[in-house]
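# Observations on the three-dimensional arrangement
Residue strings, one per chain:
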Number of protein chains: 2
Amino acid sequence: MESKVVKCSDYEWDSVSHKEYKDDQSCYKGVQRYSLLGTRNDEQALNFETRYFEVETGGYTSFEYHRHPHSVVVIRGMGTVILDNEVCELSLHDVVYIAPNTLHQFHADHGESLGFICTVDRYRDRPTLPDKDKIDDIVESEKVRKKIKI
Amino acid sequence: MESKVVKCSDYEWDSVSHKEYKDDQSCYKGVQRYSLLGTRNDEQALNFETRYFEVETGGYTSFEYHRHPHSVVVIRGMGTVILDNEVCELSLHDVVYIAPNTLHQFHADHGESLGFICTVDRYRDRPTLPDKDKIDDIVESEKVRKKIKI
């Protein structure tokens, strides 16, 4: 029986260590990643991974795109997310669907940490950071252009 | 661009209606189901579904098993979950992995509603309600036997 409860206290889960969000630390700021389910040997039946990301005040995830979609549920604080040409406000329990190849970036820009559950396919493509041409091609919104951190 | 933010206020999401948990209402009590992501035409890229279940005080989900696994994150209240021979306490942000074929049942038995995000494969088998022989075969714990609602 591999079923289990992983207890949580104040956004820290038993036996789940947080890690730097990415190896390349130049493209984001103040982000921790927690692999909650789907990466351990006894969870191989899951076809997806359940992760928690926490962006500290003033931080942001990398501005990126990929073919695999994201399902996101905010469980801490407030912030904003860029979705191609939109800047959307986020608050507690808001849900975000990030469709394939959407340029996206989360910002903890409301004076508090932004934390969210992000579910993805177990087998997925790696994110790509857009080059200047790609950004010029997709991002027409001046509001988004000013918001992007790269 | 099908990406979007679905705003939430007090556990109600814009344009997401809650439904009765199951057609057969004899096997559970006081449970609402919200399909947050993965069931609409513009979310076909998702290989999984993100749902929210809310169990009202004194309610419980059906005691069942199935081959597909569950990933669960509690986002409201407290309660307990039966996992085969264990009764586990649940509180805010606890994570539950329900492995294939585990007998399971959620109870809102702490004087408040229990709400949780539950992610499952888009294509999955239907749940089975165990018969008496199956329960006798699996459930040795007297504590669990007393807790089960069928």
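Preceding this paragraph is the structure being described.
In what follows, the accompanying structure is described. (Residues numbered from 1 in each chain as written. Chains lettered and ligands numbered in written order. Predicted model: local features only at pLDDT ≥ 70, side-chain atom pairs only at ≥ 80, totals over all residues. Heavy atoms only, no water.)

A few words on the relation of the copies chain A and chain B. The two chain copies are connected by a rotation around an axis plus a translation along it. The transformation that overlays chain A on chain B combines an axial shift of 0.0 Å with a rotation of 180°, and the residual RMSD is 0.0 Å. What the rotation and shift describe, once combined, is the action of a two-fold rotation axis. The fraction of interface residues of chain A whose copies in chain B are also interface residues reaches 100%, indicating that both copies meet through the same surface. (Least-squares fit on C-alpha atoms with pLDDT ≥ 70 in both. Contact = heavy atoms within 4.5 Å.)

A few words now on the environment of A:Leu46. Residue and element names in this part refer to chain A. Topologically, Leu46 is positioned in the loop between β5 (29-37) and β6 (48-60). Take Leu46: its relative accessible area is 0%, and that puts it in the buried class. When the C-alpha atoms of Leu46 and Asp121 are compared, they prove to be 9.1 Å apart, with 75 residues separating the residues in sequence. (Helix = DSSP H or I, 4+ residues; strand = E, 2+ residues; numbered from the N terminus. Buried < 20%, exposed > 50% of the residue type's maximum accessible area, 1.4 Å probe, protein only.)

This brings us to the nonpolar core. Counting residues in each nonpolar core, the largest one holds 34 residues, and the members touching the most others are A:Trp13, A:Leu36, A:Tyr52, B:Trp13, B:Leu36 and B:Tyr52. The residues touching A:Trp13, leaving out its near neighbours within four places in the chain, are A:Val6, A:Lys7, A:Cys8, A:Tyr34, A:Leu36, A:Tyr52, B:His93 and B:Val95. (Core = buried A, V, L, I, M, F, W, Y, C linked by side-chain atoms within 4.5 Å.)

Residue and element names in this part refer to chain A. Mapped onto the fold, Ile82 is located in strand β8 (residues 79-83). Remark: the alpha-carbon pair of Ile82 and Asp136, spanning 54 residues in sequence, is separated by 15 Å. The contact partners of Ile82, leaving out residues within four places of it in the chain, are Phe63, Val87, Leu103, His104, Gln105, His107, Val144, Lys147 and Ile148.

It is worth spelling out the interface of chain A and chain B at this point. Listed as interface residues are 46 residues of chain A and, on the opposing side, 46 residues of chain B. A combined buried area of about 3,600 Å² lies between chain A and chain B, and 65% of that area is made up of carbon and sulfur atoms. When the buried surface of chain A facing chain B is broken down by residue, A:His93, A:Val95 and A:Tyr97 rank first, second and third, together holding 20% of it. Viewed at the interface, chain B and chain A are joined by two salt bridges. Connecting chain A to chain B are 22 residue pairs in polar contact (both at pLDDT 80 or more). (Buried area = accessible area lost by both parts, 1.4 Å probe. Salt bridge = Lys/Arg side-chain N within 4 Å of Asp/Glu carboxyl O. Polar contact = N/O pair within 3.5 Å; in protein donor to acceptor, adjacent residues only side chain to side chain.)

Turning our attention to the pattern of salt bridges. Taken as a whole and judged by the stated rule, the model has 18 salt bridges over all chains. Notably, a salt bridge pairs A:Arg76 with A:Glu54, separated by 3.1 Å at the nearest N-O pair. Linking A:Arg76 in strand β7 (residues 70-76) with A:Glu54 in strand β6, this pair joins segments that are 22 residues apart in sequence. Taking the relative accessible area as the measure of exposure, A:Arg76 reaches 24% and is therefore partly exposed. Linking B:Glu43 and B:Lys4 is a salt bridge whose minimum nitrogen-to-oxygen distance equals 2.6 Å. Taken together, the residues B:Glu43 in the loop between β5 (29-37) and β6 (48-60) and B:Lys4 in strand β1 (residues 4-6) connect sequence positions 39 residues apart. On the basis of relative accessibility, which here comes to 0%, the residue B:Glu43 falls in the buried class. In this structure B:Lys4 comes out as partly exposed when scored by relative accessible area, which is 21%. Here the residues in one salt-bridge network are A:Lys4, A:Arg40, A:Asp42 and A:Glu43, joined through shared partners.

All names here are of chain B. Considering the arrangement of structural elements, one finds Leu114 in strand β12 (residues 114-121). Overall, Leu114 belongs to the buried group, its relative accessible area being 0%. Each C-alpha atom of the pair Leu114 and Thr80 lies 8.9 Å from the other, and the pair is 34 residues apart in sequence. Residues contacting Leu114, with those up to four places away along its chain left out, are Phe53, Glu54, Val55, Val74, Arg76, Met78, Gly79, Leu90, Phe106, His107 and Ala108.

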